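Breakdown of the fold
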Amino acid sequence: MTLWFLARAAGFMALLGATVAVCLGATASGSSPSTRVRRRNLRLLLQLTHRSAAVVTLALLALHAVLLILDAHVNISVPGALVPFTAGYRGVAVGLGTLAVYCFAVVAVSGALRGRLAGSSTAARWWRPVHALAYAAWPLAMAHGLLAGTDTHARWAWFLYGGSALAVLVAIWRRLSAEEKHATGPLTAWRDLHRRRSRQNTPFVTTGRHS
């Protein structure tokens, strides 16, 4: 049973780590350009903490999976852990956890490769949607914990789940509010107006011979 208790602890710590990573990611990237300039050092610190939390979360997820595979208390094999919805123990719940791990892994890889992808306009355009998979991975992890966890009915577990959900919702709301404020700001309006005027003043060029 020792492995079982350690696996549960690693799972809860991984959920907390994912919550911190998602909240910090939303906070660091959701500020306006003027705020980013004024708080550059704070933003760099937030990004560093965000990446560190993501690395710790991946390590805890790997530990959680290994301990469950090694534990004889549950029927989870290596294929059952790697292939979603095939585990012998609570297949649907474990499958959601497997999908969450895959999504977090893709997000982590995209974050690590951000600097290299910045040189390609196509890759840079796709980077943000791929990295936004974190917002899909987190609820999958939450659903996995609620459905597969044997501590789901405990009061302390509900405080942990509820606090994590509240923190993520507040972080997302603040990010969306900052993006909406930036989209309707005077600087954005001036840039859109300048872009439209540039298009209107672009001379029409023809090629080929004229008879």
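Each value, and the rule that gives it
- Numbering of residues starts from 1 in every chain and runs along the sequence as written.
- Where totals are concerned, whole chains, interfaces and linings use all residues; where local detail is concerned, this predicted model gives features only for residues with pLDDT of at least 70, and gives and counts side-chain atom pairs only at 80 or more.
- The basis for every side-chain value is the complete set of heavy atoms in the structure, and neither hydrogens nor water enter the calculation.
- Axis lines are fitted through C-alpha atoms, for helices just across the contact stretch, and the angle between N-to-C directions can take any value from 0 to 180 degrees.
- Starting at the N terminus, helices and strands are each numbered in turn, a helix being any DSSP run of H or I of at least four residues and a strand any DSSP run of E of at least two.
- In this scheme, roughly parallel covers angles under 35 degrees and roughly antiparallel covers those over 145, while 65 to 115 is roughly perpendicular and the rest are oblique.
- Whether a crossing is left-handed or right-handed is set by the direction in which the near helix is turned from the far one by less than a right angle, anticlockwise for left-handed and clockwise for right-handed.
- Under the convention adopted here, Pro, Cys and the residues Ala, Val, Leu, Ile, Met, Phe, Trp and Tyr are nonpolar, Asp, Glu, Lys and Arg are charged, and Gly plus all remaining residues are polar.
- Nonpolar cores were defined as sets of buried Ala, Val, Leu, Ile, Met, Phe, Trp, Tyr and Cys residues, with membership established by side-chain atoms within 4.5 Å.
- Burial classification: accessible surface area is computed with a 1.4 Å probe over protein chains only, and a residue below 20% of its type maximum counts as buried, one above 50% as exposed, and the rest as partly exposed.
- Residue contacts are counted whenever heavy atoms from the two residues lie within 4.5 Å of one another.
- Take the residue count of a helix, subtract one, and multiply by 1.5 Å to get its expected span.
- A carboxyl oxygen of Asp or Glu within 4 Å of a side-chain nitrogen of Lys or Arg is what we treat as a salt bridge.
- Values of pLDDT, which run from 0 to 100, indicate the predictor's confidence residue by residue.
- Paired rings are identified among Phe, Tyr and Trp, the last through its six-membered ring, by centres lying within 6.5 Å, and are further divided according to the angle between planes into stacked (under 30 degrees), edge-to-face (over 60) and tilted (the rest).
- Distance and angle both matter: a charge sits over a ring if NZ of Lys or CZ of Arg is within 6 Å of the ring centre and within 35 degrees of the ring normal.

1. Describing the packing of helix α1 (residues 2-29) against helix α3 (residues 40-70)
Describing two packed helices takes the angle between their axes plus the distance from one axis to the other. Their axes nearest at 7 Å, the elements α1 and α3 cross at an angle of 155°. Looking at the two axes, α1 sits roughly antiparallel to α3. Helix-helix and strand crossings are classified by hand; for α1 and α3 the assignment is left-handed. Tallied by class, residues from the contact of α1 with α3 come to 21 nonpolar, nine polar and one charged.

2. A short note on the nonpolar core
A general trend in soluble globular proteins is that nonpolar side chains are found buried together. With 23 residues, the main nonpolar core has Leu 15, Phe 104, Trp 138 and Tyr 161 as its most contacted residues. Of all the secondary-structure elements, those providing two or more residues to this core are α1, α3, α5 (91-112), α8 (134-148) and α9 (155-183). Looking at this core, the element that brings in the most residues is α1, giving seven residues. With residues up to four places along the chain from it excluded, the contact list for Phe 104 reads Ala 18, Leu 58, Leu 61, Ala 134, Ala 137, Trp 138 and Ala 141. In this structure, Ala 7, Leu 68, Ile 76 and Val 94 belong to the second largest nonpolar core, which totals 10 residues.

3. What to know about the packing of α5 against α8
Where α5 contacts α8, the axes come no closer than 8 Å and their chain directions differ by 155°. Viewed along their axes, α5 and α8 adopt a mutual orientation that is roughly antiparallel. Crossing geometry of α5 relative to α8 is assigned as left-handed. Across from Ala 93, Val 94, Leu 96, Gly 97, Leu 99, Ala 100, Cys 103, Phe 104 and Val 107 in α5, the residues of α8 making contact are Ala 134, Ala 137, Trp 138, Leu 140, Ala 141, Ala 143, His 144, Leu 147 and Ala 148. For the contact of α5 with α8, a count of residues per class yields 16 nonpolar, two polar and no charged.

4. Digging into the environment of Trp 127
With respect to the secondary-structure elements, Trp 127 resides in helix α7 (residues 121-131). Given a relative accessible area of 12%, Trp 127 falls into the buried group. Taking C-alpha positions, Trp 127 is 9.3 Å from Leu 113, a pair spaced 14 residues apart along the chain.

5. Regarding α5
Look at α5: 31 Å from first C-alpha to last across 22 residues, which is about the 32 Å you get at 1.5 Å a residue. Those residues of α5 lying buried are Gly 91, Ala 93, Val 94, Gly 95, Leu 96, Gly 97, Thr 98, Ala 100, Cys 103, Phe 104, Val 107 and Ser 110. Looking at the buried residues of α5, the elements they touch are α1, α3, α4 (78-82), α6 (114-117), α7 and α8.

6. Considerations on the pattern of salt bridges
Taken as a whole, this structure holds one salt bridge when the rule is applied. Where Asp 151 meets Arg 8, a salt bridge forms, and the shortest distance between an N and an O atom there is 2.6 Å. Of the two residues, Asp 151 is situated in the loop between α8 and α9 and Arg 8 in helix α1; the sequence distance between them amounts to 143 residues. Each member of the pair, Asp 151 as well as Arg 8, carries the same accessibility label: buried.

7. Notes on the confidence of the model for the chain
Caution applies to low-pLDDT parts of the model: their predicted coordinates are not meant to be read in detail. Considering every residue of the chain, the mean pLDDT works out to 85; 81% of them sit at 70 or more. Below a pLDDT of 50 lies the segment residues 204-211, which in the model reaches zero contacts outside its immediate sequence neighbourhood of four places, other chains included.

8. Some words on the packing of aromatic side chains
Counted by the stated rule, this structure contains three aromatic pairs. Considering the side-chain rings of Trp 4 and Tyr 89, the 6.3 Å spacing of their centres and the 85° angle between planes classify their relative orientation as edge-to-face. Linking Trp 4 in helix α1 with Tyr 89 in the loop between α4 and α5, this pair joins segments that are 85 residues apart in sequence. For the pair Trp 4 and Tyr 89, a shared accessibility class is recorded, and that class is buried. One aromatic cluster in this structure is built from Phe 12, Trp 156 and Tyr 161. The lysine or arginine in question, Arg 114, covers the ring of Trp 127, its NZ or CZ lying 4.3 Å from the ring centre.

9. Here's the deal with the environment of Leu 63
Relative to the helices and strands, Leu 63 resides in helix α3. Since its relative accessible area comes to 42%, Leu 63 is described here as partly exposed. Separated by 56 residues in sequence, Leu 63 and Ala 7 place their C-alpha atoms 7.3 Å apart.

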